[in-house]
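# Geometric and topological summary
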Amino acid sequence: MHGEIIRITRILEQHDLPYIIVKGVPLAIEIYGGSDKRQCKDIDLWVTPDNLEKAQKLLIDAGYQQTLPSYQLNGYKKDYYLRHKHDLALFHTKRKVEIELHFRLEYFGIKFFRFDQVTTQQIISNKCQIVTLQHDYHILYLMLHGAIHAWSRLRWLHDIYLYIMQDKCNFNLTRVYQLSLQLNCNHIVLQTLSLLDRVYNCRTPEINQLLSQIDKRSLLLAQNAHQFIVADYELTGGHGIFNKMFFKYRQYLARLAAKGQRHQAIFGDLFKIDRLFPYLNLPRGCEFGYYLLYPLWIIKYIITRK
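Residues numbered from 1 in each chain as written. Predicted model: local features only at pLDDT ≥ 70, side-chain atom pairs only at ≥ 80, totals over all residues. Heavy atoms only, no water.

### Quick look at the pairing of strand S6 (residues 120–125)
Filter applied, for reference: Summary of the burial criterion: residues with accessible area below 20% of their type's maximum are buried, those above 50% are exposed, and those between are partly exposed, where the area comes from a 1.4 Å probe applied to protein chains only. Helix numbers and strand numbers start at the N terminus; a helix is a DSSP run of H or I with at least 4 residues, a strand a run of E with at least 2. The pairing criterion is simple: DSSP has to find at least two bridges between the two strands.
Burial along S6 is one-sided: Gln-121, Ile-123 and Ser-125 are buried, while Thr-120, Gln-122 and Ile-124, pointing the other way, are not. In the sheet, S6 pairs with strand S7 (residues 128–133) via 6 bridges, with the strands oriented antiparallel. What sits directly across from Gln-122, in S7, is Val-131. Linking S6 to S7, which pair antiparallel, is a turn of 2 residues; within it Asn-126 sits at a positive phi near 50°.

Printed below as a string of structure tokens:
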């Protein structure tokens, strides 16, 4: 995984294409002590929307095959995907490495800074440099990423716990909180700190000071997230619609959403007409047909659970 990051980033640099690697190997190097000390399933590569097609082509030329979406991005399908999604997935069959090619780091109801708004840093490993997020931005993104997935994997919380407990990382939670205020997501920072206290009994003077201003909403979000942690329920797989946690997750998203984003958080990805895209290719002007046919796909899903 580490070797592939070096290979891909060199290709991007040769073509003057700015990039940022988030989570994964940079985290392993910075807080676990080595690129092989933290298991990760893929490489999270972030580029600007304007550079998406160029980066996609470079990865395909490097031996990768696009696995998500499973259809060609053109016409209305491309417009829909770029509006509703945030990444592409590509897989190298020989190297057995998957890349999530992000064109933004945000989710329904929760915004993150644009590519040109963040501060980056370079970390050195095996005499090679990797561009990643500066610590304040990185830990805030980790909080947002864990929160939107309801902290259903304890590893995400553990990453933040180690980030905070190790003094070698040049950041402080007060700056992270100030950044969250710009995004109107300070409740997520407070939720995370409350979870750290609940799960790890993690308290520092800085955490105590921030938690002194915690509100009822953030406390309730922490309680909800703890339910998902102990439920061992994978939100992104299985047949969620038949599990009560699916409905609890929808309620959770509504509470989590930033001001003015609640409607988008609840309904933004509820109607997944893109499930029809691999089978249908309606011409321009007939896009409404996807919405008309979508109920049939729902009926099929309920019957077959596939």
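### With respect to the packing of aromatic side chains
Our working definition: Under the pairing criterion, centres of Phe, Tyr and Trp rings, with the six-membered ring standing for Trp, must be within 6.5 Å; the plane angle then separates stacked pairs below 30 degrees from edge-to-face pairs above 60, leaving the rest tilted.
Inspection of every chain in the model, using the stated rule, returns 17 aromatic pairs. Judged by centre distance (5.2 Å) and plane angle (75°), the ring pair of Trp-46 and Phe-115 falls under edge-to-face. Residue Trp-46 is found in strand S2 (residues 43–46), and its partner Phe-115 is found in the loop between strand S5 (97–102) and S6; the two are separated by 69 residues along the sequence. Of the two residues, Trp-46 and Phe-115, both sit in the buried class. Relative to Tyr-249, the ring of Phe-228 lies with its centre 6.1 Å away and its plane at 80°, an arrangement referred to as edge-to-face. In this pair, Phe-228 is assigned in helix H10 (residues 216–231) and Tyr-249 in helix H11 (residues 244–256), connecting sequence segments 21 residues apart. Of the two residues examined, Phe-228 and Tyr-249, each falls in the buried class.

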